[in-house]
Amino acid sequence: MARVQLESVSKTFPGNVRAVDGVSLDIADREFVVLVGPSGCGKTTILRMVAGLEEITSGVVRIGDRVVNDVPPKDRDIAMVFQNYALYPHMSVFQNMAFGLKLRGMARGQIEQRVTDTAKLLEINHLLDRKPKALSGGQRQRVAVGRAIVREPAAFLFDEPLSNLDARLRVATRAELKRLHQRLRTTTIHVTHDQEEAMTLADRVVVMKDGRVQQSGTPLDTYNYPVNRFVAGFLGTPPMNFIDGIIKGANGRLTFMEGKTSGGQLTLPAGGFTFELPPVLAGKMANRIDKHVVLGIRPEHIHLRPFVAETSGMVDAGVLVARIGVTVNVIEPLGGDMDLYLSTTLQETVVGRMKAEGGLAAGSALTVFVEVSKAHFFEPAESGMNLVEKASEITEPAHAR
């Protein structure tokens, strides 16, 4: 087990394509860190540079106390699990798992003990005589993980190991990986583009975009306090709703007024919704009066009826809850929950996730109730900074209109 450090690590490919741009990360011993982001953000390139499969353009990589920039992959004391499993088709499961130990010159008895113990841990001990072609996708994935575990490396590197599994098996295998880490406590770097996978597996999530780290933190902190609009929109299913508008001030109070953008320009047509900002939120937005901002609302913070606000214990406590008139466009049943695709007067699509119930129909008009205490405000850009990082600090009800 070991700490893994990256100091200002960059990778530039031919044609001056900068895949990784000055990334610094400090991954603690026994920590499970997930690198997540869209395709092409540089996360797999980082993993390959840690593994030694990709040459570093600049910066320093340390595993434990060693700088490993020029250390061959086989001498870095890491084990990598690939997306396509990379099993030897002509070898049995036992031979696949034992191969790396044989290359080390380990005694036969010790190899058998390690492989047998690991196979029992992964519940594949009944498959040791089979070839990969006789295994299901989930079984092949377990063998690939087992081949890594038997080596007892300083760190595990997982490169999208669940992406080839079907949805149900992916969820089950995800739980197994979590359970394994809790038992083995080996430093792990896991790469995925699936934000749900990142949130459920990680001790710490590292969100990437265009070769740079956007935010690093615990899953809940990163979800609840996104530093910018990109992180806010990337984490969450369905993603956060973004609504353009402006902050207005009058009589010592601040109000958000819904607007509409065209060609990057904000207009304020008639009919948009408005709501008053609670005092703490208003204090944080006092310097944004008459400026274009983007309101962020998560789908689960939109409700069909008045509710008991967590922060106040009061039903529909003034502007802690904003009433917004909407039209129902699409209803997606999800079992116990449902997603409603709504539109406001100025916004074509606002998604709400709530408990499933009948009696709703596409085209119907209704009023929804939004938890203003959970709202975010961002600068009006694709990666605009969060202007209110901890809106959930709001604990007092504001003046009820």
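Coordinates for the structure precede this section.
So, how was this worked out
Residues numbered from 1 in each chain as written. Predicted model: local features only at pLDDT ≥ 70, side-chain atom pairs only at ≥ 80, totals over all residues. Heavy atoms only, no water. Core = buried A, V, L, I, M, F, W, Y, C linked by side-chain atoms within 4.5 Å. Buried < 20%, exposed > 50% of the residue type's maximum accessible area, 1.4 Å probe, protein only. Helix = DSSP H or I, 4+ residues; strand = E, 2+ residues; numbered from the N terminus. Contact = heavy atoms within 4.5 Å. Pairing = 2+ DSSP bridges. Axes fitted to C-alpha atoms, helices over the stretch in contact; angles between N-to-C directions. Parallel < 35°, antiparallel > 145°, perpendicular 65-115°, else oblique. Left-handed = near helix turned anticlockwise from the far one by under 90°. Nonpolar A, V, L, I, M, F, W, Y, C, P; charged D, E, K, R; others polar. Phe/Tyr/Trp six-rings, centres within 6.5 Å; stacked < 30°, edge-to-face > 60°. Lys NZ or Arg CZ within 6 Å of the ring centre and 35° of its normal.

A. Molecular detail of the nonpolar core. Ranked by size, the top nonpolar core spans 44 residues in total, and within it M97, V115, I124, V143, V145, I149 and V207 carry the most contacts. Tallying contributions element by element places helix α4 (residues 137-149) first for this core, with five residues. Not counting residues within four places of it along the chain, the set of residues in contact with V143 comprises L87, V93, N96, M97, I124 and L135.

B. Focus on helix α2 (residues 93-103). Buried within α2 we find V93, N96, M97, A98 and L101. Phi for G105, located one or two positions after α2, is positive at around 80°.

C. Structural context of the sheet that holds strand β17 (residues 302-303). Strand order in the open sheet formed by five strands is β17-β21-β18-β19-β20, and the pairing between neighbours is antiparallel. Each edge of the sheet is formed by a strand with only one pairing partner; in this case those strands are β17 and β20 (350-355). Bridge analysis of β17 against strand β21 (residues 365-371) gives two bridges, and the strand direction is antiparallel. By the bridge assignment for β21, I302 is matched with V370.

D. Expanded view of the pairing of strand β18 (residues 321-333). The sheet contact formed by β18 and β21 spans seven bridges and is antiparallel. Note that in β21 the partner of R323 across the bridge is F369. Examined bridge by bridge, β18 and strand β19 (residues 337-343) share six bridges and lie antiparallel to one another. Its bridge partner lying in β19, P333 is registered against M338. In sequence, β18 turns back onto β19 through a hairpin of three residues, with G335 there showing a positive phi of about 90°.

E. Molecular detail of the packing of α4 against helix α5 (residues 167-184). Between α4 and α5, whose axes approach to 11 Å, the crossing angle comes to 20°. Taken together, the axes of α4 and α5 lie roughly parallel to each other. Crossing angle aside, the handedness with which α4 passes α5 is right-handed. Residues G137, G138, Q141, R142, V145 and I149 of α4 form the contact with α5, whose own contacting residues are L169, T173, E176, L177, L180 and L184. Looking at side-chain class alone, the contact of α4 with α5 contains six nonpolar, four polar and two charged residues.

F. Representation of the packing of aromatic side chains. Applying the stated criterion across every chain yields a total of eight aromatic pairs. Plain terms: the ring middles of F156 and F158 are 6.0 Å apart, the flat faces sit at 50° to each other, and that makes the pair tilted. There is no split in this pair, since F156 and F158 are both buried. Centroid distance F230 to F234: 5.7 Å. Interplanar angle 25°. Geometry classified as stacked. Remark: F234 and F230 occur in helix α8 (residues 229-234); sequence separation between them is four residues, near one turn of the helix. In terms of burial, F230 and F234 fall into one category: buried. Every member of this aromatic cluster is reached through a ring pair, and the members are F256, F273, F275 and F377. When the ring centre of Y223 is taken as origin, the NZ or CZ atom of R298, which lies over that ring, is 3.8 Å away.

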